[in-house]
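# A look at the structure
This is what each chain is made of:
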Amino acid sequence: MSPSDDRRSADLTALYQDLILDHYRRPRNRGSLEHADATVTKKNPLCGDVITLQLELDGDTVRDVKFAGEGCAISQASASMMTQLLKGRSAQDIGHVAATFTRMIEGDSTAAADASLGELRALSGVARLPQRQQCALLAWSALTQALVSHG
Ligand code: ZN
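Residues numbered from 1 in each chain as written. Predicted model: local features only at pLDDT ≥ 70, side-chain atom pairs only at ≥ 80, totals over all residues. Heavy atoms only, no water.

Once that is clear, we can look at the packing of aromatic side chains. A complete count under the given rule lists one aromatic pair for this structure. When the ring of F101 is compared with that of W140, the centres are 4.6 Å apart and the planes differ by 20°; the resulting orientation is stacked. In this pair, F101 is assigned in helix α3 (residues 91-105) and W140 in helix α5 (residues 133-150), connecting sequence segments 39 residues apart. For the residue pair F101 and W140, the accessibility class agrees, reading buried in each case. (Phe/Tyr/Trp six-rings, centres within 6.5 Å; stacked < 30°, edge-to-face > 60°. Helix = DSSP H or I, 4+ residues; strand = E, 2+ residues; numbered from the N terminus. Buried < 20%, exposed > 50% of the residue type's maximum accessible area, 1.4 Å probe, protein only.)

This paragraph deals with the sheet that holds strand β1 (residues 38-44). Read from one edge to the other, the open sheet built from three strands follows the order β1-β2-β3, with strand pairing classed as antiparallel. Among the strands making up the open sheet, the edge pair consists of β1 and β3 (61-70). Direction aside, the axes of adjacent strands within the sheet are offset by 20° on average. As judged from the seven bridges shared by β1 and strand β2 (residues 49-58), these two strands associate in the antiparallel manner. Within β2, the residue paired with N44 across the bridge is D49. (Pairing = 2+ DSSP bridges. Axes fitted to C-alpha atoms, helices over the stretch in contact; angles between N-to-C directions.)

Glancing now at the pairing of β3. Sheet topology places β2 next to β3; nine bridges connect them, and they run antiparallel. From the neighbouring strand, T52 faces β3, where its bridge partner is A68. Turn length for the β2-β3 hairpin, with the two strands adjacent in sequence and antiparallel, is two residues, and the turn residue G59 shows positive phi of about 65°.

Here is the structure:
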């Protein structure tokens, strides 16, 4: 790796950290739904993270989504970024994104390059932090349970 590659990689890391902090400070789709079809709360005792996810469904299509919670930047940013990808999509389609995201967090570099993950790719560095993987996956665990419990 040349010194300029090093710098590019450092710039990318800084960009990703900015994106994670932006979602942590200004979470998207935060709040609660008046007519939720599914509500799931998940906790990550390793870090103290809590996520409550609510879905409004039309058949198996997500019509609206809100989340509430507290915890570390990784857990809250993952939830915020995740909610951006859900509206108007089917449970099957969402299941595919969830599987890709999980593979990325577990270190699969092909998954980390998958454009379908959008801003979630900013969390690819979590693959190198095994003790933080449950933080990144917490909202997704709530999502999977919400879709399954409704279906
Ligand atoms: Zn955490």
